[in-house]
Amino acid sequence: MNEREWFTEAFENKTAFSVKYSRKLYESKSAFQKIEVYETPVMGKVLSLDGCFMVTEKDSFVYHEMITHPATAMIKQPQSALVIGGGDGGAITELVKYPEFKKIILCEIDEGVISACREFFPEISSGLADPRVEVVCEDGAAYVKKFQQEFDIILVDSTDPVGPGKALYELDFYNSVKNALRSGGVANFQTESPFFMANVFADTVKNLRSVFGPQSATPYLCVIPSYPGALWSFTMCSTEPKDFSIASCGLSGECVSSLNYYNAQVHIAAFVLPNFVQKLIS
Ligand code: SAM
C-alpha cells in the first residue's frame, strides 16, 4: 500500500491496521514521541504517537466514555479526579459532565500532545477549558506521589508500557496511586488488548491485584476498532473490595442518553468476561 495514501500501525511487525488518509495535517517530534495527525475519510481525524493509533474521531468516544463512566458510577458525589496520561483531553471531557466535581487534574508528560489535540480535536479536548481543570505537564509516576488520600477517582490513560509509559506499569506506581486515593476511591487503568497483548494484560491485572487486593481489581471490556485486536480492557481498582459491575451512582438518566456508548446495561455487560479472558487472569 502506498505510504502516501495509507497510515499503518504495524503491531510487533506481525499484523497491521491501516486507514487511507486524504491529508497529513500535522507532524512534530516532541522530547517524548513523534506526534502526527491525519485526515481520513473513514475514521475522521486520527492522532498517532510513535506510529500507534491513539485517537480517532470515529471510535475514541468508546474509549473515553468507558474509561470514565464505569468509574464515576462507583462514587456518590465525586469531588476530585486525577487523569494521568490522557493528553487528548477525552477523559477530561467526560469527567467535566459531572457538576459535582470541584477539582480535576490532568497530568500529561508531553505538552505537545495537548497542544496538537487542542488544535485538531477541539471537541474531544473541549473539557480542558473547564475552569475546574488544572493541566500539569509532568511524569505521572512522580506527580502522583505528591498526594495522599486526595482523589475520589484516578484514571490512568496511558500509552503502551514503552518509553515514558513504562513507569505507569510498575508496582511502585500502583502503590502511589492507591495512596493518592481517598478511602473508597476508584482507580481505573487502561490494560491493553487481551487478544494481542495477553501477557501484558494478565501481568497487569495480577500486579494490580497484588497492590489493591484480589477482590479490588476487576477487568472489564469494550470494543475499539482502531486499537490492535479491537477488544480492549480496563481494570478498575479500589481501596476496598467492591462489586464494580453494579453501577450505584453516576450520571442521571438524561445525561447517560447523551452518551454514545456507555449506559447501565453496557456497564453490567462490560464486566462479563469471555472464558479466554477469565483464564488469562485466573
Ligand atoms: N487512549 C490511548 C491508548 O489507550 O493508547 C492513550 C491516550 S493518551 C494519548 C496517552 C498519553 O499518555 C500520551 O499523550 C503520553 O504522552 C502520555 N504518557 C505516557 N507516559 C506518561 C507518563 N509517565 N506520565 C504522564 N503521561 C504519560
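This is a predicted model, so every value here is computed, not measured. For every chain, the first residue of its written sequence is number 1, and the numbers climb from 1 along that sequence. Owing to the predicted nature of the model, reporting of local features is limited to residues with pLDDT of at least 70; listing and counting of side-chain atom pairs is limited to 80 or more, with chain, interface and lining totals taken over all residues. Calculated side-chain values reflect all of the structure's heavy atoms, with hydrogen atoms and water omitted.

**A closer look at the overall build of the chain**
Okay, step 1: Scanning the chain for helices and strands turns up nine helices and 13 strands.
Okay, step 2: Rg of the C-alpha trace for the chain: 18 Å, near the compact-globule value of 19 Å for 282 residues, within the 12% margin.
Okay, step 3: Across its three principal directions, the C-alpha atoms of the chain cover 50 × 45 × 40 Å.
Okay, step 4: Per-residue burial for the chain yields a buried fraction of 54% across its 282 residues.
Okay, step 5: Working rule for contacts: check all heavy atoms of both residues, and any pair within 4.5 Å makes them a contact. Taking contacts inside the chain between residues at least 6 apart in sequence as the whole, the part at least 24 apart equals 66%.
Okay, step 6: In these tables, accessible area is a Shrake-Rupley quantity obtained with a 1.4 Å probe, and a residue counts as shielded only by the protein chains included in the view. Accessible surface, the chain as shown: approximately 12,100 Å² in total, 53% of it carbon and sulfur.
Okay, step 7: Under this rule, positive means Lys or Arg and negative means Asp or Glu; His and the chain ends count for nothing. To locate a charge, the coordinates of NZ of Lys, CZ of Arg, CG of Asp or CD of Glu are taken. Here the chain holds 24 positive side-chain charges and 34 negative ones, and the gap between their average locations is 3 Å. In DSSP terms, a helix is any run of H or I states spanning at least four residues, a strand is any run of E spanning at least two, and both are numbered starting from the N terminus. Just to be clear, the radius of gyration here is over C-alpha atoms, and the globule rule we use is 2.2 Å times residues to the power 0.38. To sort residues, take the accessible area from a 1.4 Å probe on protein chains only and compare it with the maximum for the residue type: under 20% means buried, over 50% means exposed, and anything in between is partly exposed.

**A word on the state of the cysteines**
Okay, step 1: Throughout, a disulfide means two cysteine sulfur atoms within 2.5 Å of one another. Applying the stated rule across the entire model yields zero disulfides.
Okay, step 2: Free cysteine: Cys107, not disulfide-bonded; nearest cysteine sulfur from Cys137 at 8.0 Å.

**Looking at the packing of helix 5 (residues 171-180) against helix 6 (residues 198-212)**
Between two packed helices, both the angle of their axes relative to each other and the distance between the axes serve to describe the pair.
Okay, step 1: Axis lines are fitted through C-alpha atoms, for helices just across the contact stretch, and the angle between N-to-C directions can take any value from 0 to 180 degrees. Across the interface, helix 5 lies against helix 6 with an axial gap of 10 Å and an inter-helix angle of 45 degrees. Taken together, the axes of helix 5 and helix 6 lie oblique to each other. Between helix 5 and helix 6 the crossing geometry is right-handed. Along its contact with helix 5, which presents Leu171, Tyr174, Asn175, Val177 and Lys178, the element helix 6 presents Thr204, Asn207, Leu208, Ser210, Val211 and Phe212.
Okay, step 2: Taken together, the residues that form the contact of helix 5 with helix 6 break down as six nonpolar, four polar and one charged. In these notes the angle categories are as follows: under 35 degrees is roughly parallel, over 145 is roughly antiparallel, 65 to 115 is roughly perpendicular, and the rest is oblique. Two helices crossing with the near one rotated counterclockwise from the far one by less than a right angle form a left-handed crossing, whereas a clockwise rotation gives a right-handed crossing. The residue classification treats Ala, Val, Leu, Ile, Met, Phe, Trp, Tyr, Cys and Pro as nonpolar and Asp, Glu, Lys and Arg as charged. All others, Gly included, are polar.

**Considering the site of the ligand**
Okay, step 1: One heavy atom within 4 Å of a molecule or strand makes the whole residue count as near it. Inspection of the region around the ligand gives 23 residues, with Gln33, Glu108, Gly140, Pro164 and Tyr227 positioned closest.
Okay, step 2: Within the side chain of Gln33, a nitrogen or oxygen atom sits 2.9 Å from an oxygen atom of the ligand.
Okay, step 3: Side-chain atoms alone can form a polar contact between residues adjacent in sequence; in general such a contact is a pair of N or O atoms within 3.5 Å, and within protein one must be able to donate a hydrogen while the other accepts it. Between the ligand and Asp157, the relevant distance is 3.4 Å, taken from a nitrogen atom to a side-chain nitrogen or oxygen of the residue.
Okay, step 4: A total of 590 Å² of accessible area belongs to the ligand in isolation, and the protein chains cover 99% of it.
Okay, step 5: Residue classes in the shell around the ligand are distributed as nine nonpolar, eight polar and six charged.
Okay, step 6: When residues are assigned to domains, the shell around the ligand turns out to be shared by domain 1 (6-56) and domain 2 (60-280), each giving three or more. Each domain's extent is set by a domain assignment, obtained either automatically or from a database.

**Focus: empty space enclosed by the protein**
Okay, step 1: With a 1 Å grid laid over protein atoms only, a set of points is called a cavity when a 1.4 Å probe fits there but cannot get out and a pocket when it is open yet has protein on both sides within 12 Å along at least five of seven lines; lining residues have an atom within 4 Å of a point. Grid points are joined across faces, edges and corners, and a volume is the space filled by probe spheres set on the points. The tally for this structure, following the rule as stated, stands at two cavities of 30 Å³ or more.
Okay, step 2: One number sums up the size of the largest cavity: a volume of about 430 Å³.
Okay, step 3: Secondary structure elements with two or more residues in the lining of the largest cavity: strand 1 (6-11), strand 5 (44-49), strand 6 (52-56), helix 1 (60-72) and strand 7 (80-85).
Okay, step 4: Ranked by residue count, the leading element in the lining of the largest cavity is strand 6, at four residues.
Okay, step 5: Both domain 1 (6-56) and domain 2 (60-280) contribute no fewer than three residues apiece to the lining of the largest cavity.
Okay, step 6: There is about 30 Å³ of room inside the second largest cavity.
Okay, step 7: As for the second largest cavity, its lining consists of Val156, Ser158, Leu168, Tyr169, Tyr174, Phe189, Gln190 and Thr204.
Okay, step 8: Classifying every residue of the lining of the second largest cavity by side-chain character gives five nonpolar, three polar and no charged.

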